[in-house]
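# Report on the structure
The chain contents come next:
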Amino acid sequence: MSPYVPAAVGAALALLPWGWGAGRHVVTLVHEAGHALVAVLTGRRLNGVRLHRDTSGLTTSVGRPTGPGMVATAAAGYLAPSALGLGLLALVSLDRTAWALWTALAVVAGMLVFIRNMFGLVVVGLAGAGVALLVWRTDPSAQGFAAVALSTFLLVGGPRTTVELWSSRRTSRSRTSDADVLARLTPLPAVAWNAGFVLLTLGALVPAWTLLRDLTALR
């Protein structure tokens, strides 16, 4: 089967209301996982992660309130879905589909340790059960389909959330978004950070398209 078929399914899930309604929680999970991972990598102490019914999330950590570590932690969230999607797709293109699914499962398992609310636990539990089912109960063709669909979903969902951020910042008086936090930490205004998120997540689609074409050539 052409990899464009699962890619189209993943893109549809990220673009159409019936797919995005539930799928948005998966993107939030990966978004918060990005914050959490970079917080740990930069020496911050991770307190916990919360996922909310309105598809928002919150990751709290302890460390210096300013500086490169805090900037990197705040910037990681909106870039994480595109980065993970691109990484999973690269593994599939290297004929390492099982590694891609194990990577996804590792992300979910890592989040399970730090989730601090019941709704978040439900989201992480369902996501983990879904990936585990693919790993242990499906054949390689189904795993390949799911891995490409998930990768594409994250790659399309990533820029969608950055555009949603742009829209929500225009209509809301709240200034608690990642872009606003980064504006307080750096000389750049929030609009510049938001624009950067949009451009970088859209930019990830270019190498993703190349990887899909390589997969097609291998078939």
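Residues numbered from 1 in each chain as written. Predicted model: local features only at pLDDT ≥ 70, side-chain atom pairs only at ≥ 80, totals over all residues. Heavy atoms only, no water.

## A short note on helix α5 (residues 118-137)
Between its first and last C-alpha, α5 extends 27 Å over 20 residues, near the 28 Å set by a 1.5 Å rise per residue. Burial in α5 covers these residues: G120, V123, V124, G128, V131, A132 and V135. The buried residues of α5 occupy one face: seen down the axis, they fall within an arc of 155°. In α5, those exposed residues whose orientation departs by more than 90 degrees from the buried face are M118, L126 and R137. Lining the buried residues of α5 we find α2 (17-41), β1 (45-51), α4 (97-114) and α6 (140-171). (Helix = DSSP H or I, 4+ residues; strand = E, 2+ residues; numbered from the N terminus. Expected span 1.5 Å × (residues − 1). Buried < 20%, exposed > 50% of the residue type's maximum accessible area, 1.4 Å probe, protein only. Arc of directions from axis to C-beta. Contact = heavy atoms within 4.5 Å.)

## Quick notes on the pattern of salt bridges
The full count for this structure, using the stated rule, is three salt bridges. Ionic pairing is found between R24 and E164, a salt bridge with its closest N-O pair at 3.3 Å. Linking R24 in helix α2 with E164 in helix α6, this pair joins segments that are 140 residues apart in sequence. Owing to a relative accessible area of 29%, E164 belongs among the partly exposed residues under this scheme. A salt bridge links R169 to D180, with the nearest nitrogen and oxygen atoms 2.8 Å apart. In this pair, R169 is assigned in helix α6 and D180 in helix α7 (residues 178-185), connecting sequence segments 11 residues apart. Classification of R169 by relative accessible area gives buried; the value is 17%. The network of salt bridges with shared partners includes R24, R160 and E164. (Salt bridge = Lys/Arg side-chain N within 4 Å of Asp/Glu carboxyl O.)

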